Amino acid sequence: METIVELKDVTKVIKGRTIIDHISFQVNKGEVFGFLGPNGAGKTTTIRMIVGLMGITSGDISIGGASIKSEFEDAVSHVGAIVENPEMYKFLSGYQNLVHYARMSKGITKEKIAETVELVGLTDRINDKVKTYSLGMRQRLGLAQCLLHDPDVLILDEPTNGLDPAGIREIRDYVRLLAREKNMAVIVSSHLLSEMEMMCDRIGIIQKGKLIDVQLVQEFVHGSEVTYELEVVPSDKALSLIETNYPDVRANSSRNGISVEFSKEEIPNLVKKFVAADIQVFGIKEVAKTLEDRFLEVTSEKEAEARA
């Protein structure tokens, strides 16, 4: 895949405090890259540096091969972005807002505006004043503003904030469409981890200014080990057997018996040991992990390592 955005050892220091600490990652054309982290982790600061709203203390960011530090205009010409909230003139219609915005870039025709309006699903309301728009419609108009100049990179900071479930789904569908149909790189930050799991191809997790992991969503969520829930009696004897025979395996009591993180191939051997030890096995069920589960696991592990 072709890399379109690259952060190289990027650091941001404000008043002697390191906000972003030597982070590096790449984003490719045609993918949706999720940027995750707790509040205050540095997501918005990183996005502000990518779009040139905040200076870089050290390192560099290149977009389309151009440095944001030394070739700013060339670099940002590849980008469309909504940082925090889309801003527009509420007393003008959606169409008038887009015409005004189109004046900032060369070569945007009326046909291009109409095509973009249709893409974001605002054709029926584009001539209404923005003050009559719902929050979801304003988000879609903001997307249209970003897309008028055909950027290679779309950056959305918390795009689903305040939206109802239908609005969230609309934004998710548009983001996937743009990556697939337009071969656009999309960088999204959000707190809604369930949505990020459905929207993103890869994710990067940032914590206290450090990038702690970048992985494909499916690999990150599932990994090589799966959680199984086993309905067993007696459960305390089963836990003791696992602790003795598999000291590195994580096992806990659950509502129906025990839960254990195991590779699928090992489950038959575990059941044999249970039967030999006169432990009754009534059922085995794979428990799907969510992005939220893995995110909390990884961030809590890193927190524990930092304290140690």
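The structure under discussion appears in the preceding block.
In this text the structure is predicted, and so the values were computed from the model without any measurement. (Residues numbered from 1 in each chain as written. Predicted model: local features only at pLDDT ≥ 70, side-chain atom pairs only at ≥ 80, totals over all residues. Heavy atoms only, no water.)

## Describing the sheet that holds strand S11 (residues 226-233)
- The four strands lie next to each other as S12-S13-S11-S14, forming an open sheet whose pairing is antiparallel. Sheet topology places strand S12 (251-254) and strand S14 (280-287) at the edges, where each strand pairs with a single neighbour. Adjacent strand axes in the sheet meet at a mean angle of 25° when their direction is disregarded.
- In this sheet, strand S13 (residues 257-262) lies alongside S12 in antiparallel orientation, the contact comprising four bridges. For Ser254, the partnering residue across the bridge sits in S13 and is Gly257.
- Sheet strands in contact with helix H9 (residues 235-245) are S11, S12 and S13, and its direction is about 20° off that of S13.
- The sheet strands contacting helix H10 (residues 267-276) are S11, S13 and S14, and the helix crosses S11 at an angle near 15°. (Pairing = 2+ DSSP bridges. Helix = DSSP H or I, 4+ residues; strand = E, 2+ residues; numbered from the N terminus. Axes fitted to C-alpha atoms, helices over the stretch in contact; angles between N-to-C directions. Contact = heavy atoms within 4.5 Å.)

## Focus on the packing of helix H5 (residues 135-147) against helix H6 (residues 165-181)
- Axis separation between H5 and H6 bottoms out at 11 Å; the angle between their running directions is 20°. Classified by the interaxial angle, the pair formed by H5 and H6 is roughly parallel. Between H5 and H6 lies a crossing of right-handed hand. Between H5, through Gln139, Arg140, Leu143 and Leu147, and H6, the contact on the second element is made entirely by Glu170, Ile171, Tyr174 and Leu178.
- A per-class count over the contact of H5 with H6 returns five nonpolar, one polar and two charged. (Parallel < 35°, antiparallel > 145°, perpendicular 65-115°, else oblique. Left-handed = near helix turned anticlockwise from the far one by under 90°. Nonpolar A, V, L, I, M, F, W, Y, C, P; charged D, E, K, R; others polar.)

## Some words on unusual backbone geometry
- With an omega of -5°, the peptide bond between Val233 and Pro234 qualifies as cis.
- Within the secondary structure, Pro234 is located in the loop between S11 and H9.
- Of note, the phi angle at Lys15 is positive, near 50°, even though the residue is not glycine.
- Relative to the elements of secondary structure, Lys15 occurs in the loop between strand S1 (3-14) and strand S2 (17-28).
- Owing to a relative accessible area of 87%, Lys15 belongs among the exposed residues under this scheme.
- Despite not being glycine, Lys208 has its phi angle at roughly 50°, a positive value.
- Tracing the backbone through its elements, the reader meets Lys208 in the loop between strand S9 (202-207) and strand S10 (210-216). (Buried < 20%, exposed > 50% of the residue type's maximum accessible area, 1.4 Å probe, protein only.)

## Some details on the packing of aromatic side chains
- Considering all chains together, one arrives at four aromatic pairs under this definition.
- Look at Phe25 and Phe33: their rings are 5.0 Å apart centre to centre, the planes differ by 5°, and that puts the pair in the stacked class. Just as Phe25 is buried, Phe33 falls in that class too.
- Consider the rings of Tyr246 and Phe262, whose centres lie 4.9 Å apart with planes at 80°: the pair is edge-to-face. (Phe/Tyr/Trp six-rings, centres within 6.5 Å; stacked < 30°, edge-to-face > 60°.)

## Comments concerning the pattern of salt bridges
- Tallied over the full model, the rule gives eleven salt bridges.
- As a salt-bridge pair, Glu31 and Arg202 come within 2.8 Å of each other at their nearest N and O atoms. Placement of the pair is Glu31 in the loop between S2 and strand S3 (32-36) and Arg202 in strand S9, with a sequence separation of 171 residues.
- On the accessibility criterion, Glu31 (3% relative accessible area) is buried.
- Owing to a relative accessible area of 16%, Arg202 belongs among the buried residues under this scheme.
- Here Lys112 makes a salt bridge to Glu115, at a shortest N to O gap of 3.6 Å. Of this pair, Lys112 and Glu115 both sit in helix H4 (residues 110-119), three residues apart, roughly one helical turn.
- Overlapping salt bridges, with partners in common, bring together Lys112, Glu115, Asp150 and Lys182 in one network. (Salt bridge = Lys/Arg side-chain N within 4 Å of Asp/Glu carboxyl O.)

## Observations concerning the state of the cysteines
- Within the structure shown, the criterion is met by zero disulfides.
- With no disulfide of its own, Cys146 lies 17 Å from the sulfur of Cys200, the closest cysteine sulfur.
- Judged by its relative accessible area of 2%, Cys146 falls in the buried class. (Disulfide = S-S within 2.5 Å.)

## A word on H9
- Residues of H9 that are buried include every one of Ala238, Leu239, Leu241 and Ile242, and no others. Projected down its long axis, H9 shows its buried positions confined to an angular sector of 160°, all on one face. Exposed residues on H9 whose side chains face more than 90 degrees from its buried face are Asp236, Glu243 and Thr244.
- The secondary structure elements touched by the buried residues of H9 are S11, S12, S13 and H10. (Arc of directions from axis to C-beta.)

## What to know about the packing of H9 against H10
- Interaxial distance between H9 and H10 falls to 11 Å at its minimum, and their mutual angle equals 120°. Judged by the angle between their axes, H9 and H10 are oblique. Both H9 and H10 take part in a crossing whose hand is right-handed. Counting all contacts with H9, which are made through Ala238, Leu241, Ile242 and Asn245, the residues of H10 involved are Leu270, Lys273 and Phe274.
- Of the residues assigned to the contact of H9 with H10, the class counts are five nonpolar, one polar and one charged.

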